[in-house]
Amino acid sequence: MALAAIYSLFIINKSGGLIYYKDYGSAGRMDTNDSLRLASLWHSMHAISQQLSPIPGCTGIDLLQAHNFDLHCFQSLTGTKIFVVCETGAQNMETLLKVIYELYTDFVLKNPFYEIEMPIRCELFDLNLTQVIQKDRVALLGR
């Protein structure tokens with residue numbers, strides 16, 4: 001099994017504002033304005049897909065597959081969305097997104113100095129997120 005490259009990670013609040021962005025060295029790095037636009041666009045597409053779905057109770061787009069990348073999304077019950085842009089065919093991204101959400105709840109939401117819906121600046125979250133991403137890559141390599 002090949003190494004699944006995670007290109008970038010986004011966390012969007014329930015209003016569609018980008019509260020966290022991490023680039024993992026993708027070739028097409030985005031500046032701050034582009035990442036804000038992408039987050040806002042994804043929030044809108046996700047909301048529209050819920051309304052247009054012919055299936056009652058649809059929760060929106062979970063996976064967007066393109067020729068050169070996949071975009072996997074997890075939405076919490078509170079409306080916070082976490083999505084990763086990764087290489088095509090990456091496995092177990094849903095599990096990874098849930099682990100990232102657990103880190104978000106443990107290290108961001110339980111931080112008494114964090115203001116809800118504001119940009120995330122939490123060192124413990126960053127450190128643990130880096131460990132999870134590295135662990136995920138090592139597991140994919142089979143080491």
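Per chain, the residues get numbers from 1 upward, laid out in the order the sequence is written. Whole-chain, interface and lining totals are the exception, using all residues; otherwise, since this is a predicted model, local features are given only for residues with pLDDT of at least 70 and side-chain atom pairs are given and counted only at 80 or more. As a rule here, side-chain values cover all heavy atoms of the structure and leave hydrogens and water aside.

Under an unreviewed UniProt entry, the name given to the protein is Trafficking protein particle complex subunit, and the organism recorded is Dichanthelium oligosanthes. Per its UniProt entry, the protein bears the Subunit (unreviewed entry) comment "Part of the multisubunit transport protein particle (TRAPP) complex." UniProt positions are given in the numbering used here, feature names are shortened, and annotations may be inferred rather than shown by experiment.

Caption draft 1: Spatial organisation of the confidence of the model for the protein. Each residue carries a pLDDT score, the predictor's confidence in it, ranging from 0 to 100. Mean pLDDT over the protein: 87, with 90% of residues reaching 70 or higher. The secondary-structure element of the protein with the lowest mean pLDDT is helix α3 (residues 123–141), recorded at 81, while helix α2 (residues 93–109) shows the highest, at 96. A helix here means a DSSP run of H or I that spans at least four residues, while a strand means a run of E at least two residues long, and both kinds are numbered starting from the N terminus.

Caption draft 2: Focus on the packing of aromatic side chains. Any pair of Phe, Tyr and Trp rings, taking the six-membered ring for Trp, is counted once the centres come within 6.5 Å. Such a pair is stacked with planes under 30 degrees apart, edge-to-face with planes over 60 apart, and tilted for the rest. By the definition in use, this model includes six aromatic pairs. The interplanar angle of 35° and the centroid separation of 6.0 Å between the aromatic rings of tyrosine 101 and tyrosine 104 together place this pair among those described as tilted. You can see tyrosine 101 and its partner tyrosine 104 sitting in helix α2, three residues apart, about one turn around the helix. The residues tyrosine 101 and tyrosine 104 share a single accessibility class, namely buried. For every residue, the accessible area (1.4 Å probe, protein chains only) is compared with the maximum for its type, and the residue is labelled buried under 20%, exposed over 50%, or partly exposed between those bounds.

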